[in-house]
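One-letter residues, chain by chain:
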Number of protein chains: 4
Amino acid sequence: MAEIFKEIPEIKYEGSVGTNPLSFKYYDANKLVSGKTMKEHLRVAMAWWHNLCADGKDMFGEGTANKSFGAEPGTMAHAHRKVDAAFEFMSKLGIELYCFHDLDLVPEADDIKEMNKRLDEVSDHILEKSKETGIKLLWGTANLTRNPRYMNGAGSSNSPEVFCFAAAQVKKGLELTVKLGGTGYTFWGGREGYDLLLNTNVKLELDNIAALMRMAVDYGRSIGFNGDFYIEPKPKEPTKHQYDFDAATAAGFIKEYGLEKDFKLNIEANHATLAGHTFQHDLRIAAINGFFGSVDANQGDSLLGWDTDEFPFNVYETTLCMYEVLKAGGFTNGGLNFDAKNRRASYTYEDMFKGFILGMDSFALGLLKADALIADGRIDDFVKERYAGYDSGIGANIRNRTTSLTELAEIAEKLGAPKLPSSGNQEGLESIMNQVLFG
Amino acid sequence: MAEIFKEIPEIKYEGSVGTNPLSFKYYDANKLVSGKTMKEHLRVAMAWWHNLCADGKDMFGEGTANKSFGAEPGTMAHAHRKVDAAFEFMSKLGIELYCFHDLDLVPEADDIKEMNKRLDEVSDHILEKSKETGIKLLWGTANLTRNPRYMNGAGSSNSPEVFCFAAAQVKKGLELTVKLGGTGYTFWGGREGYDLLLNTNVKLELDNIAALMRMAVDYGRSIGFNGDFYIEPKPKEPTKHQYDFDAATAAGFIKEYGLEKDFKLNIEANHATLAGHTFQHDLRIAAINGFFGSVDANQGDSLLGWDTDEFPFNVYETTLCMYEVLKAGGFTNGGLNFDAKNRRASYTYEDMFKGFILGMDSFALGLLKADALIADGRIDDFVKERYAGYDSGIGANIRNRTTSLTELAEIAEKLGAPKLPSSGNQEGLESIMNQVLFG
Amino acid sequence: MAEIFKEIPEIKYEGSVGTNPLSFKYYDANKLVSGKTMKEHLRVAMAWWHNLCADGKDMFGEGTANKSFGAEPGTMAHAHRKVDAAFEFMSKLGIELYCFHDLDLVPEADDIKEMNKRLDEVSDHILEKSKETGIKLLWGTANLTRNPRYMNGAGSSNSPEVFCFAAAQVKKGLELTVKLGGTGYTFWGGREGYDLLLNTNVKLELDNIAALMRMAVDYGRSIGFNGDFYIEPKPKEPTKHQYDFDAATAAGFIKEYGLEKDFKLNIEANHATLAGHTFQHDLRIAAINGFFGSVDANQGDSLLGWDTDEFPFNVYETTLCMYEVLKAGGFTNGGLNFDAKNRRASYTYEDMFKGFILGMDSFALGLLKADALIADGRIDDFVKERYAGYDSGIGANIRNRTTSLTELAEIAEKLGAPKLPSSGNQEGLESIMNQVLFG
Amino acid sequence: MAEIFKEIPEIKYEGSVGTNPLSFKYYDANKLVSGKTMKEHLRVAMAWWHNLCADGKDMFGEGTANKSFGAEPGTMAHAHRKVDAAFEFMSKLGIELYCFHDLDLVPEADDIKEMNKRLDEVSDHILEKSKETGIKLLWGTANLTRNPRYMNGAGSSNSPEVFCFAAAQVKKGLELTVKLGGTGYTFWGGREGYDLLLNTNVKLELDNIAALMRMAVDYGRSIGFNGDFYIEPKPKEPTKHQYDFDAATAAGFIKEYGLEKDFKLNIEANHATLAGHTFQHDLRIAAINGFFGSVDANQGDSLLGWDTDEFPFNVYETTLCMYEVLKAGGFTNGGLNFDAKNRRASYTYEDMFKGFILGMDSFALGLLKADALIADGRIDDFVKERYAGYDSGIGANIRNRTTSLTELAEIAEKLGAPKLPSSGNQEGLESIMNQVLFG
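Small disclaimer: the values here were computed from a predicted structure and weren't measured. (Residues numbered from 1 in each chain as written. Chains lettered and ligands numbered in written order. Predicted model: local features only at pLDDT ≥ 70, side-chain atom pairs only at ≥ 80, totals over all residues.)

Undergrad: Please explain the overall build of chain A as it appears in this structure.
TA: If you tally the helices and strands in chain A, you get 16 helices and 14 strands. Here the C-alpha radius of gyration of chain A, 24 Å, is about what a compact globule of 439 residues would show, namely 22 Å. Dimensions along the principal axes, computed over C-alpha positions, put chain A at roughly 80 × 60 × 45 Å. For chain A, with 439 residues in total, the buried portion stands at 61%. Considering only intrachain contacts with a sequence separation of at least 6, the fraction spanning at least 24 residues in chain A is 74%. (Helix = DSSP H or I, 4+ residues; strand = E, 2+ residues; numbered from the N terminus. Rg over C-alpha atoms; globule rule 2.2 N^0.38 Å. Buried ≥ 20, exposed ≤ 12 C-beta atoms within 10 Å, placed from the backbone. Contact = placed C-beta atoms within 7 Å.)

Following this line, the structure appears as C-alpha cells:
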C-alpha cells in the first residue's frame, strides 16, 4: 500500500545542535536513564482520535487539515487507510503504542451489530499491522459522548435504552482491547454530569455509572482482560459539571463503590488544570491513593477555560510529571498517551510530525531533568529533614495514633509558645530546580 | 452596661412596601412556612469574627471601621465589650445563634495556660448573657491559621510542637463548645494545604490531619459533646492548595479515615464557587453522601478569585440553597452562619445592621421561594418522570445490579438505534423558576 | 407553503399566573413603560445562526436537533426553507427584527460570484417575506471565521488574498444589509487575534483590521447605508487572544483609528463576562465613550470558561442591562439580538420557542424592574448626593481643571486629616434592589 | 552603624555548577550581552515595600518575618534602620536601583505637614547613602491605597477633601523623586475603581483621575522632573474593578486624556495575568502603543485569582519578557523592579536574599535566552516571511490604504477560492524555543 507521509522521513535523534525540524533533539529512544531506556520510561502512545481523525474543526470553523489520506471520509476504505496512516506515522516516529475509541476506527452505524462487524474488520487489519511492527495497544475505550443519544450521558443517562447501548459499546470495547493486546481500558465520562442541577438526580446517576463499571470489570475479567481499568477525571466541558471532577473526586468514587481492586486513574494534564490543580497535583493525589495508572500527555493554557489539548512544550511541567512518575515507580500497564492535537493553523502533514516531536522532546527533557533532580538529592533531602520531627518522640506517637488531645495539650502547656517551624525555603528550592533545568 | 448601637433600634419586620432601611422587608421570624417558623427553618447565626473583629483591613489598606466599642483593642476589657456588643447586636436583630473561634473572643497569649484563663473568663460572661437572652452557640472552633506558628498548617504542620499546640487549642475549643451549649464543632483547614508541592509530604500531612480529628472526636465525646463535627471545605486561599478542596474531596477524606459517624460538612457558598462549583452543587454533594450539616451563608463574586465573603443578596442562590436544605430535611444541629462582612466602604454601625438585614431578607426570600418551588411541584414532577425508566424492567435491573454487559448488549442489538432521551427542558424549567421567583 | 412549527400556536401574553409553557408571562408587547411600548424598548431580534442553523453540535458530539425543516441541508431548497421557518417562528413570537451572517443564509460556495448569486436569490425571498410581515433586519454581517481560509483571521490574515476575500464578503454583506433595511452592520473579530504571540505581528494586524473597517465605512456610505457600524468585543475563543478584548479596548481602537463617527459597540453579555467584566460594566463603558449601540442578549455561566450563549434568565442581569440601556437613552438603531441557543439536550421545536419565551420574559422583567428602580429614585439620589462635593468649591475647580497640585496641597495642609468619605452603603443599595425586584 | 544581615556575605556570581545557595548562578553583572552588560540590560531594582516592610501578613494570619531590624516598628528610628537595611541589602546583591511609596519610608502621620517633615528627614538619610554607594532611585510613588480615607480611591474619590490629600501626597512624591534622582514616577490605581457599579459615577471618576495626572505632570515638569510618568495597570484587587484594567485600557486612557507626551506604562507580570493576558502580551501592547516604560518583575500563579507577587522563576516568562524588552530597544528610564515578596513560610533573612537570587538569576537566564533567540533568527525570519505578502502588490495597497472594497472584491472574484495561508508552525516554533532554552 502506498506511503502516505511521503515527504516525511523517519524521525531520528540528531542531538540538540542542528536545525532540522524533522529530528528529535532530546528524545533518544534507547538512551539509558537510571537503568531503563528512555523508551521504556516514557511509553509514548499515539491517540487515534486527534492524530487521524481531528481536522482542526472548532465551534467557530470548519476543519483546516485534510485527513482523508486518499480515501473518502466516512467509508470503510477510509477506516482502513487510517490504519495504514497510523502505523506509518508511528513507525516513522518510533512510537510503539496507541490508544483509540471505537468510533475513531470506523464510521458509526446506527445498528450495534453492523457497528461491531465494522470493528471486527478494521481490528483484524490493525492486528495484522501490529504483528508486522510490534506496535501495540496501550488502552482502548468506547466513545460514549459523540452520538446524540448520549446527550444526557451514558452510564448516567436517564434512558435505560441508552444505558444498554453504552453497555454494548463497552462490551465490544473490552473485546477489542483484549484482541489487540491492550493493558488498559479507560472511562472518560465526558457527558457523565449535568447541565442543570435542578433536573438531575445525582445519586441515581452516580449509582448507575458505578453499575456500568462493575459490569465492565466482571465482563472484562471473564474474557481474559488482565490490565487496568482507568477513570480519566475532567471537571467540566462539555457539560457544566462532570462527576469525575478531579483525581480526589474520582478516587473517592472508586472507593465508595468498591472498585479499588480494578480501577486506577488516567490523569490528563489539561483536565487537572481545568479543575484548578496543577498536573503534578493530580498525579500526586493518584499516587498516594494507590491509583497511579496512566497519563494523557498534553498541555492546557491556564488563561483559557477550555480543553486546548496542546502538545506539551513546558519543560517545568513535563519535569514535574516525570518526577511524580519516577517517584511512583514508573509506568507498568500505563504510559504517556499524547492526547494532543495540532493548533488549527498548523494543518500540514509536517505539522503532525512536528507536534509529536515537540511533545516527545519535551517529555524526554522532562525525564532527564526529573532524573537529575532526584539524583541531585537536595530537594528530597530537604523534604526528609522537614518532617523528621515525626520520626520519633511525640511526633511518632501522633503518626502511630498512640496519643490523645489531653497528652498533647499537656505538652503544649509546657512549651509555652512553640518555636516557628523552619523556613519552607520555597525560593531556594525553586533556584535548585532552575539550576537542574538550565545546567 | 452602656448601650453600644445607640442609634439603632430593634429591627422589625415591616413588610416589603416601606423605605425604612432599618427594617426587615421579608424576614418575618415567626411566619409559618410549611409547618415551621421562618426562624426555625433558617437558624440564623452571627459570626463573631467578621461582625465584631473585622474592621475592613485588606491586603492593601488599613481598617475603615471602628470596632473598639469604647474599649482599648487588645485588652480583656475590649474582649468583654465585644460580648456586650454581640448580644446587643443579636438581640436587636432577633438572631439567636452565634459562632466563634477562640481567638475572636480574647487577645491571644503566647502561653496556652494564660490563653485558656482568658477564655474561661470571657466565656463565663458569654454564658451569663446567654442565660439572660436565650441566645446560644451554633458551633465553635479554634483559629489554627492566624498565628505564625501555623504557617505550614496545624494538623498538617511539619512541626510536632505546633501540632501539640493545635491539639491544645482544639481541646479547649471543644470544652468551650460544650460549656456554651454548641451543637457543632468546625474544622476549617485554612492552612492545611501547601504552597509548593515539591517540599510537601501530602500523605503524611493528610494522615496527621485525620489523627487530630480522630482525637478531637474521642475527646469531645468523652466530655459530653453530642453535636456534629464539621469539615468546612475551601479549595485555596490562603494557601495554593487546601486539602479540603470541596464537598466531594472532604467527603472522600471523611470516609477514607473512618470519620463518617461523627463528621458532616459545613458548606460555605463562596468556598464552593472558588472551587468551581455552584453553592447548590456542594450542598447536593454533601446531602447525597449523608454529610449535610451546616451552612456558611455568604456570597462570592464569580468574577473575582478570592473569598469576598459578601452578605448574600442573590435570591437565585438563596432559593437554590434553601431548596437543597428543605430537600435534605432541614437543619438539625446546623444553621445559617452569616460568615459575611461589610464591604470595606460600608464602615458604620448602621452598615453592620444593613448587612444582616440584607442577608436575612435574602434568605427569607430564598426560603419562601424554595418552599413555593416545591409546592408548585412542576420541577419535581419533571425530574421524577425523567428517570422513570429506572423504576421497572431493565432499568430496575440496572439499579438492582441484577444484569450484565452481555444481557444489556443483547437488548441493544435488538433496539437497533435507541430513541433519543426526552428533552432536558432546561429553558422551560428556568422559566418556571423565574415565574415562582417573580410571581 | 407548509407550516413548519405545526404544534406551536402563536405565543401570547397570558400573565404570570398560569402554567402554559407556551405563553409569555411577562412580555406584553404593547404594554406602555414610561411612554414607550415594551416592544419599542426591547427591540427583540432573532439570530439566524443559532435559531435556524445550530443543531447542538459541540466539540464532543454531533447535533441533537433536527433543523432540516423538511429539506436537504446544504441545498438552496434548505436555504429557502429556513426563510420560511424564520418568518413563521418570528411571527408566532411577535418578533419584528432579525440578524444574520451571509453564511447563515445559503450553503457556502468556494467562488464568490456563485456565493453572491445564492445570496441574491435568498435575500429576494427574505425581502418578500419582510414586505408581507413587516419584520426587518436589525443588523447584518459576514461570517469571517468559519471557512478554513480565515484560520489566521480576515482583516488580520497574513494572506492578502484572504483579506481580499474578506473584503468581498463585507461588501456583499453591506449590500444585503441595505437591501433588507438593516440599521446596523457588525464586525465580530472571532479570529482577529492570535494563538501564539511569537509568530504574530500585532501592529500590522491591527492596522489592517482598521483598514478593512475604513473601507467598509466608505463603501457602506456610498451605497446609502445610514445605520451604525458595530464592533462586538470578545476576549478569546476561538483564539487565545482577540484584539477586540472588551468594550474599553474596542473603544480605544475605534478612537486610535479615527472611526468614532461611524462605529459603536455591540455588547454581548457572555463576552463581557469572559473578559472578567459584568455585562453592566461593558454597557457602561460603551455608554460613557459615546459608543452605546446594540446588545447581544444572552447569558454565560461564570463558572465556565467558554461562550455558552444561554438564553438569559437571570433577572438581576437583565435589570442591570436595561438600567444602563434606559440611562443611555434607549436603543435607536440597535436592539436586543438574542444571540442565544438552546442547551444541547433541549432539542425539540418546542424548546426553540421556550428559549425565546424565557429570554423575552426575562428581559421584560428586566425592563419593568429597571424602570421601577429609576422611578424609585433612591439609588440615583444616593449617587447624586455621593458626588455632590464636586458641584462647587474646590471640587468644581478640580472638575473644571482650574486648580493645581500646589493649591490642593495647601488645602490638605489646612485640613489636617480629612474626614472619611461617607459610607458607600453597598448592602443598603443591594437591599433596595431586591425590594424593587421582589416587591 | 551595625551590620544587619550579618550572616549573609556579599552575593557573588559563582557559575551554575556549585551548590552554594547564597551565590548567583546566572546573574553575572558585568557579562557582556550584545554590547551591554547584564546589569545595564536588566536595571534591577528593589521594592522598598515588599523587601523592608512586608512581614508575611495575609488576610488569614499575622506576619511571620521579623523586619524590625533592631528598632521599634512605627518609629522614626525604625524608618532610619530600614534605610540602613536597604542599602546593606542592595550592596550585598549588587543592586543599584530601588523604588518606594512615601508610606514605605516613614510612619504615617495624620497631618500632611508632619508627614512631609518625616519624609524630608528620612530622604536626607537615603540621599547620603545614595552618594556613598551610587545606588539610585528608579521611580517613586505615593501610597494612595492604604489609608482608610482612600477607601473610594484617591483621584477617583467621591470626596474632594480626599482628592486634596492625594494631591498633596503626589506633590511630595514628585519632590522626593527629583531629590533622589529618580527617572520615573508611577501611578498604580489600587483603589481607582469600584466595588459596586450602581453607586459609581464612572465618567466623573475617570475625568478626575486624569485631572490629577495632568496636574502631576505640570508640577513635576515645573520642578525639573524629566523622567517618565507611568500608569501601572491592574484589573482588580483590592476593588472589584480597577480602571487601569490592562495595558490596552490604560493606553486608551492616556490617549483619551492627552497624556501621551508624558506617560508610559509600568507593566507588572502578575497584573497582566490577572487581567487574562500573558505578561508578554501586555509588554507588546505597551510597545506598539509607544508606551513601553518599566517593568514590575514578579510572577503570579495562574491557578490563583489574586496577586501573589512571587519572585519570578519561570524562565519561559522571563525570556519572553526580555525578548519584548530587547525588541523595544531596551530600558531607558525604566528597569526591572522586583515587586515580589517571599512566600509567607520563607521568613528568614536568608530567604530575603534567596528571593532576589532566584529572581535575578531567572532574569539573567531570560536575558541570555532572549538574546540567543534573536541571534538564532529562525523565529524572526519566520515572522518576516509570514507577512511578506503585505510588502508589495495588493498587500502593500492595503497597508497604504490605496485600495477599496470594490477593488478587493474584484480580485476575490478572480481568485475563485483563495489558497489557505501557510501553516502557523506553532509546534515547530515552540520546539525552537525549547532548543534555545535547553541547549
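Undergrad: Would you explain the interface of chain B and chain A in this entry?
TA: With 83 residues of chain B in contact, the opposing surface of chain A contributes 84 residues. The leading source of residues in the side of chain B that touches chain A is helix α6 (residues 160-179) of chain B, at ten residues. Classifying every residue of the side of chain B that touches chain A by side-chain character gives 44 nonpolar, 22 polar and 17 charged. (Nonpolar A, V, L, I, M, F, W, Y, C, P; charged D, E, K, R; others polar.)

Undergrad: Teacher, can you tell me more about helix α6 (residues 160-179) of chain C here?
TA: Working note: α-helix, 3.6 residues per turn, so residues spaced by three or four point in the same direction. All names here are of chain C. Across its 20 residues, α6 extends 28 Å between first and last C-alpha, which sits within 8% of the 28 Å expected from 1.5 Å per residue. Of all 20 residues that make up α6, 17 are buried, and the element is covered over most of its length. Positive phi shows up at Gly181, right after α6, with a value of about 75°. (Expected span 1.5 Å × (residues − 1).)

Undergrad: Would you mind going over the interface of chain D and chain A with me for this structure?
TA: Where the parts come together, the accessible area they lose is often given as the size of the interface. Between chain D and chain A, the contact holds 42 residues from the first and 42 residues from the second. Secondary-structure elements contributing two or more residues to the side of chain D that touches chain A are α11 (315-327), α12 (349-376) and α16 (426-438) of chain D. The class makeup of the residues in the side of chain D that touches chain A is 13 nonpolar, 21 polar and eight charged.

Undergrad: Would you explain the relation of the copies chain B and chain A in this entry?
TA: By a simple turn and slide, chain B fits onto chain A: the slide is 0.0 Å along the axis, the RMSD is 0.0 Å, and the turn is 180°. Both chain copies can therefore be described as sitting about a two-fold axis. Taking C-alpha positions as the reference, the residue of chain B nearest the rotation axis is Gly252(B), at 2.3 Å. Looking at chain B, 99% of its interface residues are interface residues in chain A too, so the copies touch through the same face. (Least-squares fit on C-alpha atoms with pLDDT ≥ 70 in both.)

Undergrad: Is there a simple way to think about unusual backbone geometry in this case?
TA: Backbone geometry follows two general trends: most residues other than glycine have a negative phi, and most peptide bonds adopt the trans configuration. Here the amide bond leading from Glu237(A) into Pro238(A) is cis, since omega sits at 10°, within 30 degrees of zero. Tracing the sequence through the fold places Pro238(A) in the loop between β10 (228-232) and β11 (241-242). A positive phi is found at Arg43(B), a non-glycine position, where the angle reads about 45°. Relative to the elements of secondary structure, Arg43(B) occurs in the loop between α1 (38-42) and β5 (44-47).

Undergrad: Even after reading the chapter, I still don't get the pairing of strand β12 (residues 263-268) of chain D, so can you show me in this structure?
TA: Regular strands have side chains that alternate between both faces of the sheet. Residues and elements named next belong to chain D. When you tally the buried positions in β12, you get six out of six residues, the bulk of the element. Burial along β12 is two-sided: the face carrying Phe263, Leu265 and Ile267 and the face carrying Lys264, Asn266 and Glu268 are both buried. The pairing of strand β10 (residues 228-232) with β12 spans three bridges and is parallel. Bridge pairing in β12 links Tyr230 to Lys264. Of the strand pairs in this sheet, β12 and strand β13 (residues 292-296) are connected by four bridges, and their pairing is parallel. Each residue of the ladder has a partner; that of Glu268, found in β13, is Asp296. (Pairing = 2+ DSSP bridges.)

Undergrad: Help me understand the pairing of strand β6 (residues 97-101) of chain A in this model?
TA: Residues and elements named next belong to chain A. Taken across its five residues, β6 has five buried, putting it largely inside the fold. Alternating positions in β6 separate into two faces, Leu97, Cys99 and His101 on one and Tyr98 and Phe100 on the other, with burial throughout. Sheet topology note: the strand β5 (residues 44-47)/β6 ladder contains three bridges and is parallel. Across the sheet, residue Met46 finds its bridge partner in β6, namely Tyr98. Both β6 and strand β7 (residues 136-141) contribute to a ladder of five bridges, which runs parallel. Considered in β7, the bridge of His101 is made with Thr141.

Undergrad: Looking at this model, I keep getting lost on the environment of Ile209(A). Mind explaining?
TA: Residue and element names in this part refer to chain A. With respect to the helices and strands, Ile209 occurs in helix α7 (residues 202-222). Given 25 C-beta atoms within 10 Å, Ile209 falls into the buried group. Sequence-wise, Ile209 and Gly153 are 56 residues apart; in three dimensions their C-alpha atoms are separated by 9.4 Å. If near-sequence neighbours (up to four positions away) are discounted, Ile209 is found in contact with Gly155, Ser156, Gly189, Glu192 and Tyr243.

Undergrad: Hey, could you run me through the domain arrangement of chain A in this one?
TA: Residues and elements named next belong to chain A. Partitioning chain A into domains gives domain 1 (12-376) and domain 2 (379-438). With centres defined by C-alpha atoms, the gap from domain 1 to domain 2 works out at 39 Å. At the interface, seven residues of domain 1 touch four residues of domain 2. When residues of the side of domain 1 that touches domain 2 are traced back to their parent elements, those giving at least two are α11 (315-327) and α12 (349-376). Looking at which element gives the most residues to the side of domain 1 that touches domain 2, the answer is α12, with five residues. Split into classes, the residues belonging to the side of domain 1 that touches domain 2 amount to four nonpolar, one polar and two charged. (Domains from an automatic or database assignment.)

Undergrad: Mind showing me how you'd approach the sheet that holds strand β12 (residues 263-268) of chain A here?
TA: Remark on secondary structure: sheet strands pair via backbone hydrogen bonds, oriented parallel or antiparallel. All names here are of chain A. Reading around the circumference, β5-β6-β7-β8-β10-β12-β13-β14 is the order of the eight strands in this closed barrel, with parallel pairing throughout. The mean angle between the axes of side-by-side strands here comes to 30°, regardless of whether they run parallel or antiparallel. The sheet contacts of helix α10 (residues 279-288) involve β12 and β13 (292-296), and relative to β12 the element is tilted by about 170°. (Axes fitted to C-alpha atoms, helices over the stretch in contact; angles between N-to-C directions.)

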